[in-house]
Amino acid sequence: MAQANNRNYVPLPAAFVDTVAAAVPGLAASLDADVPVSVRFNPYKRCGRPERFPAAEPVPWGEPGEAYYLSERPVFTADPAFHGGAYYVQEAGSMFVGWLLRRLFADSAGSLRVLDLCAAPGGKTTHIASVAGAGGVVVANEVIRSRAKILVGNVQKWGAGNVAVTSSDPKDFGERLPGFFDVVVVDAPCSGEGMFRKDYGARAEWSPENVQLCAARQRRIVSDVWDALRPDGVMIYSTCTFNAAEDEENVRWIAEELGGEILSFDGIPEGIVPGFFGGVAAGWHFYPHQVRSEGFFAAAIRKSGAAASVGRLKTAKGLTRLSKTDWREAERWIDGTKGIECFATGGDGAVYGFSPALYDAVSALLGGRFGLLYSGVQLGELIRGTLKPGHALALYHGLNHSALAVAELPVEAAMEYLRKGVSMSLLSAASFSEGLNLVTHRGVALGWAKRIGNRCNNLYPSSWRILHY
Ligand code: SAM
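Residues numbered from 1 in each chain as written. Predicted model: local features only at pLDDT ≥ 70, side-chain atom pairs only at ≥ 80, totals over all residues. Heavy atoms only, no water.

For the chain, the count of helices and strands is 14 helices and 23 strands. Its C-alpha atoms give the chain a radius of gyration of 23 Å, within 12% of the compact-globule value 23 Å for 469 residues. With respect to the three principal axes, the spread of C-alpha positions in the chain is 70 × 60 × 35 Å. When each of the 469 residues of the chain is scored for burial, the buried share is 56%. In the chain, once contacts between residues fewer than 6 apart in sequence are set aside, the share between residues at least 24 apart is 71%. For the chain, the exposed area adds up to about 19,600 Å²; of that, 51% sits on carbon and sulfur atoms. Computed over 46 positive and 47 negative side-chain charges, the separation of the two mean positions in the chain equals 9 Å. (Helix = DSSP H or I, 4+ residues; strand = E, 2+ residues; numbered from the N terminus. Rg over C-alpha atoms; globule rule 2.2 N^0.38 Å. Buried < 20%, exposed > 50% of the residue type's maximum accessible area, 1.4 Å probe, protein only. Contact = heavy atoms within 4.5 Å. Areas by Shrake-Rupley, 256 points an atom, 1.4 Å probe, with all protein chains shown as cover. Lys, Arg positive; Asp, Glu negative; His and termini not counted. Charge placed at Lys NZ, Arg CZ, Asp CG, Glu CD.)

Given below as structure tokens:
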């Protein structure tokens, strides 16, 4: 049990037990039970395979081979494949967003434009990027700058190449990109009742007043962004809390006040229960005593109105297309079948690769003066016509491996590389070919190293260095 021998234990707030939990028999007791551990694999980096984890069982709402519960929590930071983006440690309930997207857009997921409005640290972003695939576009936004940087790191690690990261206010999207998105995901900041098992801080901060403040803020966020969703597009609204004010009541409010239809689905996996407000179904709850997950809630609302084409948007001059020769140099680093087809220099002087759809979306974001922090794949810098590859390129799943020397390292040497250690017995120059090497572990790319004679330069970014594991 969570509280046994735990000096930091905080009891459940009495008002929560008497109100929210009282309406759901069995819920309060389950909030002192152990927390399940689950991971979602990167479909582009199928290498980590579940057998490396003890007794992995599939998450029922994942795709075959996608998501697993683990029987215990391994030290993820001691696994090089974790740092290479082979999998993401994610709450099982949160993976339901991917289930909804696949159900809604079985045939058209590959051409979707999705806004993930409250995106850091990036669990749902990486999942949506996998569902949307190379032809889809994900704009992942995080209003808090420090958290947006973590989001950029996770997007680069995942290496899907179809994501743009912004750090803007929700209303900027509503005002400057009307009707631009097919799907808007609002994974709203909330009172966090669903995290009570592992986050005692959420217990300490909870109060009925805070629930009301959260519910009002959620309505503000949703109404600010609503215009960015095209008519007939879908909003996925989610929280990690149980109370009706932030969940069902807000979903009903969105449908009635902003104009939409709350969607229902057949074949909802066992244990996930519908929420009701005024007798009307409005979303699904993940209660920890009924399903293996932390608390989660999600609903899908289709915006009323006929689908309309997006009006003319301003495009910016923030991107400069490469010259033919530079383009050829950039192209040689990329497997052209994986979606990246356009190359441009960004405002920071680095070369970026985009799918045509992402290029258009990024132009529109720049035209709307959004704070763009990352997009597509940052290939590196062109120096006198030769690309000096950047770290994100090593992690991109569509890197052209055929022209590269690959140094596959066993686990101890890979960890030494990731912590930028200097143990020559683990990282001797003999493990590398002369010149540039892509460093891998179990086939998962970790970064670059350059051997010059007997010396080997570890090009893993210092800011990403693993300090403890
Ligand atoms: N979707 C994320 C994931 O799956 O990893 C988790 C998102 S978390 C539940 C909610 C996010 O909303 C936080 O990153 C928080 O910084 C952000 N946020 C806080 N206030 C906000 C606001 N007023 N508008 C938009 N986002 C906000």
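Within the structure, the ligand sits among 16 residues, and Cys118, Gly123, Glu142, Arg147 and Asp187 are positioned closest to it. Within the backbone of Ala120, an N or O atom sits 3.3 Å from an oxygen atom of the ligand. The separation between an oxygen atom of the ligand and a polar main-chain atom of Gly122 is 3.2 Å. Each residue belonging to the shell around the ligand can be placed in one class, and the counts come to 10 nonpolar, two polar and four charged. (Near = heavy atom within 4 Å. Polar contact = N/O pair within 3.5 Å; in protein donor to acceptor, adjacent residues only side chain to side chain. Nonpolar A, V, L, I, M, F, W, Y, C, P; charged D, E, K, R; others polar.)

Let us look at the state of the cysteines. As enumerated under the stated definition, the model contains zero disulfides in all. Of the cysteine sulfurs around Cys118, a residue in no disulfide, the closest is that of Cys190, at 10 Å. No disulfide involves Cys240; its sulfur sits 3.4 Å from that of Cys190, the nearest cysteine. (Disulfide = S-S within 2.5 Å.)

Further remarks concern the pairing of strand 6 (residues 137–141). Among the five residues of strand 6, five are classified as buried, and the element is accordingly described as predominantly covered. Here strand 6 shows no split at all, with Val137, Val139 and Asn141 on one side and Val138 and Ala140 on the other all buried. For the handedness criterion, the β-α-β arrangement of strand 5 (residues 113–116), helix 5 (residues 123–132) and strand 6 is classed as right-handed. When strand 6 meets strand 7 (residues 163–166), the two strands line up parallel, connected through four bridges. Bridge pairing links Val139 to Ala164 in strand 7. Running through helix 6 (residues 145–158), the crossover from strand 6 to the neighbouring parallel element strand 7 is right-handed. (Right-handed = clockwise from strand over helix to strand, strands pointing away. Pairing = 2+ DSSP bridges.)

Let us look at the pattern of salt bridges. In total, this model carries 14 salt bridges according to the counting rule given. Of the charged contacts, one joins Glu66 and Arg102 as a salt bridge, the two residues approaching to 3.0 Å between their closest N and O atoms. A residue pair is termed long-range when its members are at least 10 positions apart, and Glu66 in the loop between strand 2 (57–58) and strand 3 (67–70) and Arg102 in helix 4 (residues 96–104) qualify at 36 residues. For Asp335, the salt bridge is made with Lys338, and the minimal N-O distance between the two is 3.3 Å. Take Asp335: its relative accessible area is 23%, and that puts it in the partly exposed class. (Salt bridge = Lys/Arg side-chain N within 4 Å of Asp/Glu carboxyl O.)

A separate point is the sheet that holds strand 15 (residues 342–345). Across the sheet, five strands lie side by side as 14-15-16-18-19; this open sheet has antiparallel pairing. Whereas interior strands pair on both sides, the edge strands pair on one side only; in this sheet they are strand 14 (320–321) and strand 19 (386–389). Sheet analysis places strand 18 (residues 377–383) next to strand 19, joined by four bridges and oriented antiparallel. By the bridge assignment, Ile383 is partnered in strand 19 with Thr386. Against the sheet, helix 11 (residues 324–331) contacts strand 14, strand 15, strand 16 (351–354), strand 18 and strand 19, and its axis sits at roughly 115° relative to strand 15. Sheet contacts for helix 12 (residues 356–367): strand 14, strand 15 and strand 16; angle to strand 16, the most-contacted strand, approximately 120°. (Axes fitted to C-alpha atoms, helices over the stretch in contact; angles between N-to-C directions.)

On the basis of which strands lie adjacent, the open sheet formed by four strands has the order 20-21-22-23 and mixed pairing. Across the chains shown, the open sheet's two edge strands, defined by having one partner strand only, are strand 20 (405–408) and strand 23 (455–458). Neighbour-to-neighbour, the strand axes of the sheet open up by a mean angle of 35°, direction not taken into account.

Inspection of the secondary structure puts Cys342 in strand 15. The exposure class assigned to Cys342 is buried, which follows from its relative accessible area of 6%. In the structure, Cys342 is positioned 12 residues away from Ala330 in sequence and 9.5 Å away in space, judged by C-alpha atoms. The contacts of Cys342, once residues within four sequence positions are left out, are Arg321, Trp327, Tyr352, Gly353, Phe354, Ser355, Pro356 and Tyr359.

The subject of this paragraph is the pairing of strand 1 (residues 37–41). Burial analysis of strand 1 places five of its five residues in the buried class, the great majority of the element. In this sheet, strand 3 lies alongside strand 1 in antiparallel orientation, the contact comprising four bridges. Each residue of the ladder has a partner; that of Arg40, found in strand 3, is Ala67.

Within the largest apolar cluster, 108 residues are counted, with the highest numbers of intra-cluster contacts made by Trp61, Phe96, Phe173 and Val186. When residues no more than four places from it in sequence are discounted, the contact partners of Phe96 are Trp61, Ile268, Pro269, Ile272, Trp284, Phe286, Phe296 and Ala298. (Core = buried A, V, L, I, M, F, W, Y, C linked by side-chain atoms within 4.5 Å.)

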